[in-house]
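# Working through the structure, step by step
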Amino acid sequence: MNKKNNILIVFYSYSGNTREIAKEIQKQTNADVFEIQTVEPYPEDYNSVVELAKKEKNNNFKPALKNKVENLQKYDIICMGTPVWWYTMAPPVKTFIDENNLEGKIILPFCTHGGGGESSTFTDMQKLIPNAKFLKGISIYERGSLATHKEIEHWLEQIK
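Here is a short report on the structure shown in this document. (Residues numbered from 1 in each chain as written. Predicted model: local features only at pLDDT ≥ 70, side-chain atom pairs only at ≥ 80, totals over all residues. Heavy atoms only, no water.)

## Comments concerning the packing of aromatic side chains
Spelled out, the test is: Only rings of Phe, Tyr and Trp enter the pairing, Trp through its six-membered ring, and a pair is recorded when the two centres are within 6.5 Å. The plane angle decides the type: under 30 degrees is stacked, over 60 is edge-to-face, the rest tilted. Labels follow the DSSP assignment, with helices taken as runs of H or I lasting at least four residues and strands as runs of E lasting at least two, numbered in each case from the N terminus. With a 1.4 Å probe rolled over the protein chains alone, any residue whose accessible area is under 20% of its type maximum counts as buried; one over 50% counts as exposed, and the rest are partly exposed.
One pass over the structure, following the stated rule, counts six aromatic pairs. Ring centres 6.0 Å apart and planes at 40° place the aromatic pair Phe34 and Phe96 in the tilted group. Separated by 62 residues along the polypeptide, Phe34 in strand β2 (residues 32-35) and Phe96 in helix α3 (residues 91-99) bring together distant segments of the chain. In terms of burial, Phe34 and Phe96 fall into one category: buried. With centroids separated by 6.4 Å and ring planes inclined at 70°, the aromatic side chains of Trp86 and Tyr87 adopt a geometry described as edge-to-face. Assessed through its relative accessible area of 29%, Trp86 is described here as partly exposed. Accessibility expressed as a relative area gives 52% for Tyr87, which makes it exposed.

Structure (structure tokens):
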């Protein structure tokens, strides 16, 4: 990864899995980090959040966010992370994309999932940010494993 570029890791994490992957990317890139947070927190009960996420996806709902990135224009590269909810990105990430001008940015997508892989997460991101340059994404099962450090290292080397 070219250290001359300003890198920002933007992510939403419900259970902490995506946060753990963002922390590992941060260790390896020394990038700034921004965690997307919703005004209204999601339910703590897993089944409730699954049902709510399905409803939000079907209605293209974008929850209100409680925080914003300052000086987004200073970043060339955005590592964009999300858990996979109903085969795509979590609604808070859609809100972030909708509220921020990411045109011309280089996007490095990453996601965490419970077994279904990235599904359409990365292609859906590309559709929402058509004027950005997307590089190869990485998909990690839950919080990853002992090999996740190496997987992320290999991913970052591939996309220099």
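Having seen the model, we can carry on.
## A closer look at the layout of surface pockets
Put simply, the test is: The method works on a 1 Å grid over the protein atoms by themselves. A cavity is a set of points holding a 1.4 Å probe that cannot get out, a pocket is an open set with protein on both sides within 12 Å along at least five of seven lines, and residues with an atom within 4 Å of a point line them. Grid points are joined across faces, edges and corners, and a volume is the space filled by probe spheres set on the points. For this classification, Asp, Glu, Lys and Arg are treated as charged, while Ala, Val, Leu, Ile, Met, Phe, Trp, Tyr, Cys and Pro are nonpolar and the rest, including Gly, are polar.
Here the largest pocket is characterised by a volume of approximately 530 Å³. As for the largest pocket, its lining consists of 23 residues, and the residues nearest its centre are Tyr46, Val84, Trp85, His113 and Gly114. For the lining of the largest pocket, the secondary structure elements donating two or more residues are α1 (17-29), α2 (46-58), β3 (77-85) and β5 (106-113). Here the lining of the largest pocket takes four residues from α2, the largest share from any one element. Across the lining of the largest pocket, the residue classes break down as 10 nonpolar, 12 polar and one charged. Computed from the structure, the second largest pocket encloses a volume of approximately 220 Å³.

So far we have only geometry, and geometry alone does not tell us how the molecule works.
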